[in-house]
Each structure stands twice: as C-alpha cells, then as structure tokens.
Amino acid sequence: MADAESRPKMRRGLRVLLFASLALNLAVVGVGAGFVLRHPMPDGAPPPRGRDFVFPYTSAFNEEQRRELGRNLRQSFKHDRAQGGERPSFVDGYNAALELLRAEPFDSAAFGATLEAQSARGEARQKAGQRLLVDYVATLNPEERRAYADRLEAEIAKIAEHAKRFRPKD
C-alpha cells in the first residue's frame, strides 16, 4: 500500500460531499433505529435474529422507560469513551474495509481481521447494553416488573405469530 504522503489529496469539494453523504446516512440509520425502538414490528417483517433479540425487551418498556434506558445507554457509552480515551469510530472499520477492498493484491486475511474487529466492537457494545438492561430492570418495583413482563409476553406472542409466516412450507 502507498503511504499517506504519496497518495493524491482529495479535493475539498469531494471531501465535503463524502462528509455530507456520511452525515445523511447516519441520520437515516438514527431515524430507523429510533423507529424500531418506538414502534412494534410491522406485519411483513421477519422475526428478530442475531443481535436483534433485544428488540422485544426494549419494545416492552413503556415510552418513558425506553427514554430513560436510552439516556442511560448513551451516558454509559460516553463514560466508556472517557475512561478509554479515543476509541475508533464505527465508521473507521468500514473505511479500513474499503481500503482493503480496493488494494492490489487483495489481502483476505486483513479483510477478515477487519470484519472480526468490527464484530468484536459490536459485541462489546451489545454486552454493555445487556448489563444496562439488567441493571435497569433491577430498579423496577414488583408492580412495574410484572407490567413489563406482561408487555414482554405480548411482544413475544407477536414475534411467534410473525415467525409462523416465515417458516418454510413443508
């Protein structure tokens, strides 16, 4: 790979355009994530899979509880960043992957390592979210916890109903 000094500099207009595009993409992702956290799964959506398992748990909270849990999560991430110094942005992993995909010869091991590193960062954030969820539920009084369990049961029933639509036909 060529070192940074020998690469041609990107024109300012192109940098601004790329930044604006990234900002727009992040805004769309944020709106989508907010929608998913605030609204139940639509009829045509497949059941959750992989890391999506947490959605029924968050959907079962009432609106104020979801807001409070979200504040706690953002505060936790800010605290983690403050403790660990500057951590790579999630975009950095994608940028590294793009660089590897464009390089000749293609380094599949480096590309795989980049994907593994992205996965590890995502898993660490997921674990932090799980701890926060457990800690938050532990603060609920018995009545709030029972009401939450009832709403969670309803969310699970919806998922089970949706899952029936996506099962392969025998």
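Located above this text is the structure these notes cover.
Now for a look at the structure at hand. Just so it is clear, the model here is predicted, and its values are computed rather than measured.

1. Regarding the overall build of the protein chain
Then, number 1: When helices and strands are counted, the protein chain shows six helices and zero strands.
Then, number 2: Helices and strands in the protein chain line up, N terminus first, as α-α-α-α-α-α.
Then, number 3: Expressed as a percentage of its 170 residues, the buried residues of the protein chain come to 18%.
Then, number 4: Contacts in the protein chain between residues far apart in sequence, at least 24 positions, make up 71% of those at least 6 positions apart.
Then, number 5: When the accessible surface of the protein chain is split by element, carbon and sulfur atoms take 59% of a total near 12900 Å².

2. Examining the packing of aromatic side chains
Then, number 1: According to the stated counting rule, one finds three aromatic pairs in the structure shown.
Then, number 2: For the pair Phe61 and Tyr148, a centre-to-centre distance of 4.3 Å together with 15° between the ring planes defines the contact as stacked. Of the two residues, Phe61 sits in the loop between helix H2 (55-59) and helix H3 (63-84) while Tyr148 sits in helix H6 (residues 142-166), which places them 87 residues apart along the sequence. Of the two residues examined, Phe61 and Tyr148, each falls in the buried class.

3. Some thoughts on the nonpolar core
Then, number 1: One finds Ala60, Phe61, Leu69, Leu133, Tyr136, Val137, Leu140, Tyr148 and Leu152 forming the largest nonpolar core, which totals nine residues.
Then, number 2: Counting only elements with at least two residues in this core, the list comes to helix H5 (108-139) and H6.
Then, number 3: Take this core: its biggest share by element is three residues, from H5.
Then, number 4: Discounting residues that sit within four places of it in the chain, Phe61 has contacts with Arg66, Leu69, Leu133, Tyr136, Val137, Leu140, Tyr148 and Arg151.

4. Remarks on the pattern of salt bridges
Any two side chains of opposite charge can pair, on the condition that their charged atoms come close.
Then, number 1: Under the defined criterion, the tally for this structure stands at five salt bridges.
Then, number 2: In this structure, Glu63 engages Arg66 in a salt bridge whose closest nitrogen and oxygen atoms are separated by 3.0 Å. With Glu63 and Arg66 both in helix H3, this residue pair falls three residues apart, about one helical turn.
Then, number 3: The exposure class of Arg66 is buried, given its relative accessible area of 16%.
Then, number 4: Between Arg146 and Glu143 there is a salt bridge, with its nearest N and O atoms 3.8 Å apart. Of the two residues, Arg146 and Glu143 both sit in helix H6, three residues apart, roughly one turn of that helix. Here Arg146 and Glu143 have matching classes, each one exposed.

5. Details of the environment of Asn95
Then, number 1: With respect to the helices and strands, the residue Asn95 is situated in helix H4 (residues 90-102).
Then, number 2: When its relative accessible area of 42% is taken as the criterion, Asn95 is described as partly exposed.
Then, number 3: Through-space distance from the C-alpha of Asn95 to that of Thr114 is 9.9 Å; in sequence the pair is 19 residues apart.

6. As for unusual backbone geometry
Then, number 1: Omega for the peptide link from Glu104 to Pro105 comes to -5°, which places this bond in the cis form.
Then, number 2: Note that Pro105 resides in the loop between H4 and H5.

7. Quick look at the side chain of Gln65
Then, number 1: Within the fold, Gln65 resides in helix H3.
Then, number 2: In this structure Gln65 comes out as buried when scored by relative accessible area, which is 7%.
Then, number 3: Gln65 has contacts with Tyr136, Leu140 and Arg151, leaving out every residue within four places of it along the chain.

Analysis parameters
Residues numbered from 1 in each chain as written. Predicted model: local features only at pLDDT ≥ 70, side-chain atom pairs only at ≥ 80, totals over all residues. Heavy atoms only, no water. Helix = DSSP H or I, 4+ residues; strand = E, 2+ residues; numbered from the N terminus. Buried < 20%, exposed > 50% of the residue type's maximum accessible area, 1.4 Å probe, protein only. Contact = heavy atoms within 4.5 Å. Areas by Shrake-Rupley, 256 points an atom, 1.4 Å probe, with all protein chains shown as cover. Phe/Tyr/Trp six-rings, centres within 6.5 Å; stacked < 30°, edge-to-face > 60°. Core = buried A, V, L, I, M, F, W, Y, C linked by side-chain atoms within 4.5 Å. Salt bridge = Lys/Arg side-chain N within 4 Å of Asp/Glu carboxyl O.

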